[in-house]
Amino acid sequence: MSAHLTLRGLSRCYGSPARPALSDLTLAVPAGSCLAVVGPSGSGKTTVLRLASGLDRPDAGDVLINGTSVLDVAPEDRGMAMVFQRPLLFPHRNVLDNVAFSARVRGASRRRARIEAAEYLNLVHLSGFGSRHSAELSGGQEQRVALARALAARPKVLLLDEPFSALDAALRSEMQDLVRQVRAALDPTIVLVTHDQNEAASLADCVAVLSSGRLVQHDPVERIYSRPTSLVAARQMGGRNEVPGEVRGHHHHSVLGSLALPVDVRPSQGPGVLVFRQESVQVSDPDDLGAEIQGLVKAVRPTGPRSLLTIEVADGGGPKAVQQTVEIHAETPPGHHAEVGERVGVRLAPHALAVVSPAPEHDLRSVQMTAASNPPVHALRRRALATDRVNQRR
Ligand code: ADP
Ligand code: MG
């Protein structure tokens, strides 16, 4: 029931050619797999689904199902079904007939379509709801009907556009369970647009990260977490630690000192931002000999058994006119209590470090100056700009 989906060189521009909604996107989604598409708002995620489904036509590129172009195939004949952020049920039809509609479009008799619809309603745990109308359903129930209607079309590829983002956390996790059950029962190929990194991690095999209409990374979930290749990818997957510095050889030099990079990280030399996940930061006693970094707890945010800490680390090196500091985000182990103002040791799991290139706006975002000599940020910006101008003149 599933198919290999290939997007080849897809481009789409709505307005200014200088700002295409999607540029030259090539992606392969193997049959039966689930790809999560993440990216900032406006990065082109919905455009990808609209082009794949045939709701919109690309300016360039192709959409292939099992290797055959479907560009000239009508949306309803492509073997794809889409679920939108809002359920968009037919208000004049009851739940059963909303779902049966898909089978009717496929050419099933009214009776057959209703029998099948009842089966799909059962699959989404709504068997008793067939005679209700959408006004009599909760948001989560409506979205389950929308999913049942999409599944009743027996799609080879299921396209989900932030389908659960309007639901509260508990319902969202129920819906995620449901998608897992659907995968186990029907095995469709799934493209899931989401802004929820936990949803991406719990449902998808691979993640594609879009930024300004371009694919910036496409990797298995584990790798996107551990080896983001850009600040956008790191941030989209919930990464919070960004330490600007410089790569020399196979070390990153920053306020945190000189840190050896994992052997599989191949950073470019020069300015680079060290990124690592808060889960990979170990907080210990300040006199822990293995903790190469010392910091001061600036904030504690309890989240159930663990706490999230913001730890300020200052550059320990000699007397300097301006001392740099950086904030690190860490999770405490369960049961560990930390207090604001406490000194702590910090260990970074060596395999958890990655380096990405600084985004244009990165320069001063995560570097602060200590109160002792605290030039206002605009003065630093002016200084940075002046340096840039000097560099350009050279
Ligand atoms: P996302 O789903 O990632 O938020 P979209 O794919 O909806 O992003 O949009 C990508 C870009 O294309 C945005 O800048 C958006 O404003 C623009 N865009 C999307 N659809 C249209 C349209 N129908 N007309 C004009 N611009 C559009
Ligand atoms: Mg969208």
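Rules used throughout
Residues numbered from 1 in each chain as written. Chains lettered and ligands numbered in written order. Predicted model: local features only at pLDDT ≥ 70, side-chain atom pairs only at ≥ 80, totals over all residues. Heavy atoms only, no water. Helix = DSSP H or I, 4+ residues; strand = E, 2+ residues; numbered from the N terminus. Buried < 20%, exposed > 50% of the residue type's maximum accessible area, 1.4 Å probe, protein only. Contact = heavy atoms within 4.5 Å. Areas by Shrake-Rupley, 256 points an atom, 1.4 Å probe, with all protein chains shown as cover. 1 Å grid on protein atoms, 1.4 Å probe; cavity = no way out; pocket = protein on both sides within 12 Å on 5 of 7 lines; lining within 4 Å. Points joined across faces, edges and corners; volume = space filled by probe spheres on them. Nonpolar A, V, L, I, M, F, W, Y, C, P; charged D, E, K, R; others polar. Pairing = 2+ DSSP bridges. Axes fitted to C-alpha atoms, helices over the stretch in contact; angles between N-to-C directions. Near = heavy atom within 4 Å. Polar contact = N/O pair within 3.5 Å; in protein donor to acceptor, adjacent residues only side chain to side chain. pLDDT = per-residue confidence, 0-100. Core = buried A, V, L, I, M, F, W, Y, C linked by side-chain atoms within 4.5 Å. Phe/Tyr/Trp six-rings, centres within 6.5 Å; stacked < 30°, edge-to-face > 60°. Lys NZ or Arg CZ within 6 Å of the ring centre and 35° of its normal.

## Quick word on the overall build of the protein
In step 1: When helices and strands are counted, the protein shows nine helices and 21 strands.
In step 2: Out of the 394 residues belonging to the protein, those deemed buried represent 50%.
In step 3: Taking all contacts inside the protein whose residues are at least 6 apart in sequence as the whole, residues at least 24 apart take part in 67%.
In step 4: If you sum the accessible surface of the protein, you get close to 19000 Å²; carbon and sulfur atoms cover 51% of it.

## Side note on empty space enclosed by the protein
In step 1: Under the defined criterion, the tally for this structure stands at two cavities of 30 Å³ or more.
In step 2: Quantified by volume, the largest cavity comes out at close to 40 Å³.
In step 3: Those elements giving two or more residues to the lining of the largest cavity turn out to be β1 (5–12), β2 (22–29), β3 (34–38) and α1 (45–53).
In step 4: For the lining of the largest cavity, the element with the most residues is α1, which contributes three residues.
In step 5: Residues of the lining of the largest cavity, tallied by class, amount to eleven nonpolar, no polar and no charged.

## Points about the sheet that holds strand β8 (residues 189–193)
In step 1: Ordered by their spatial adjacency, six strands build an open sheet running β6-β7-β8-β3-β9-β10, and the pairing between neighbours is mixed. Looking at the sheet topology across the chains shown, the edges are occupied by β6 (80–83) and β10 (214–220). In this sheet, adjacent strand axes meet at a mean angle of 15° when their direction is disregarded.
In step 2: Taken together, the four bridges between β6 and strand β7 (residues 157–161) define a ladder with parallel strand orientation.

## Some remarks on the site of ligand 1
In step 1: Near ligand 1 the following residues occur: Tyr-14, Ala-21, Pro-40, Ser-41, Gly-42, Ser-43, Gly-44, Lys-45, Thr-46 and Thr-47.
In step 2: Separating an oxygen atom of ligand 1 from a backbone N or O atom of Gly-42 is a distance of 2.7 Å.
In step 3: Here Thr-47 contributes a side-chain N or O atom positioned 2.5 Å from an oxygen atom of ligand 1.
In step 4: Protein chains shield 56% of the accessible area of ligand 1, which is 560 Å² for the free molecule.
In step 5: By residue class, the composition of the shell around ligand 1 is three nonpolar, six polar and one charged.

## A look at the environment of Val-209
In step 1: The topology assignment puts Val-209 in strand β9 (residues 206–211).
In step 2: Judged by its relative accessible area of 0%, Val-209 is buried.
In step 3: In sequence terms Val-209 and Ala-36 are 173 residues apart; their C-alpha atoms lie 8.5 Å from each other.
In step 4: In contact with Val-209, not counting residues within four places along its chain, are Val-38, Arg-214, Leu-215, Val-216, Gln-217, Ile-224, Val-232, Ala-233 and Gln-236.

## Some words on the confidence of the model for the protein
In step 1: Summarising the model, the protein shows a mean pLDDT of 87, and 89% of its residues fall at 70 or more.
In step 2: Ignoring residues within four places in sequence, the model shows residues 361–394, a span with pLDDT below 50, making 34 contacts including any to other chains.

## A look at the pairing of β3
In summary, the side chains of a regular strand alternate between the two faces of the sheet.
In step 1: Within β3, five of the five residues are buried, which leaves the element mostly enclosed by the surrounding structure.
In step 2: Side chains Cys-34, Ala-36 and Val-38 of β3 all project onto a buried face; the interleaved residues Leu-35 and Val-37 project onto the opposite face, where all are buried too.
In step 3: The pairing of β3 with β8 spans four bridges and is classified as parallel. Residue pairing for β8: Leu-35 is matched across the bridge by Val-191.
In step 4: Of the strand pairs in this sheet, β3 and β9 are connected by four bridges, and their pairing is parallel. Bridged to Ala-36 within β9 is Val-207.

## Topic: the side chain of Thr-310
In step 1: Examined against the element boundaries, Thr-310 turns out to sit in strand β17 (residues 306–314).
In step 2: With sequence-adjacent residues up to four places away left out, Thr-310 is seen in contact with Leu-296, Val-297, Lys-298, Ala-299, Glu-327, Ile-328 and His-329.

## Let's talk about the nonpolar core
In step 1: Residues Val-99, Leu-147, Leu-158 and Val-207 are the most contacted members of the largest nonpolar core, which totals 47 residues.
In step 2: Take this core: its biggest share by element is seven residues, from helix α4 (residues 139–152).
In step 3: In contact with Val-207, not counting residues within four places along its chain, are Leu-35, Ala-36, Val-38, Ala-200, Gln-217, His-218, Asp-219, Val-221, Ile-224 and Met-237.
In step 4: Counting residues in each nonpolar core, the second largest holds 26 residues, with Ala-3, Leu-71, Met-80 and Leu-159 among its members.

## Concerning the layout of surface pockets
In step 1: As a volume, the largest pocket reaches approximately 680 Å³.
In step 2: Lining the largest pocket we find 25 residues, and of these Glu-76, Met-80, Ala-81, Met-82 and Ala-153 sit closest to its centre.
In step 3: Each residue belonging to the lining of the largest pocket can be placed in one class, and the counts come to 17 nonpolar, three polar and five charged.

## Examining the packing of aromatic side chains
In step 1: Per the counting criterion, the structure on display carries one aromatic pair.
In step 2: Ring geometry for Phe-90 versus Phe-101: centroids 4.8 Å apart, planes at 65°, classification edge-to-face. Linking Phe-90 in the loop between β6 and α2 (95–106) with Phe-101 in helix α2, this pair joins segments that are eleven residues apart in sequence.
In step 3: Phe-101 gets classed as partly exposed once you look at its relative accessible area, which sits at 30%.
In step 4: Residue placement shows Arg-93 over the ring face of Phe-90; its charged tip is 5.1 Å from the ring centre.
In step 5: The side chain of Arg-149 reaches across the aromatic face of Phe-90, ending 5.0 Å from its centre.

## As for the side chain of Asn-98
In step 1: Tracing the sequence through the fold places Asn-98 in helix α2.
In step 2: Of note is the side chain of Asn-98, whose polar atom sits 2.8 Å from the backbone nitrogen of Phe-90.
In step 3: Apart from residues lying up to four places away in sequence, Asn-98 is in contact with Leu-89, Phe-90, Arg-93, Val-145 and Arg-149.

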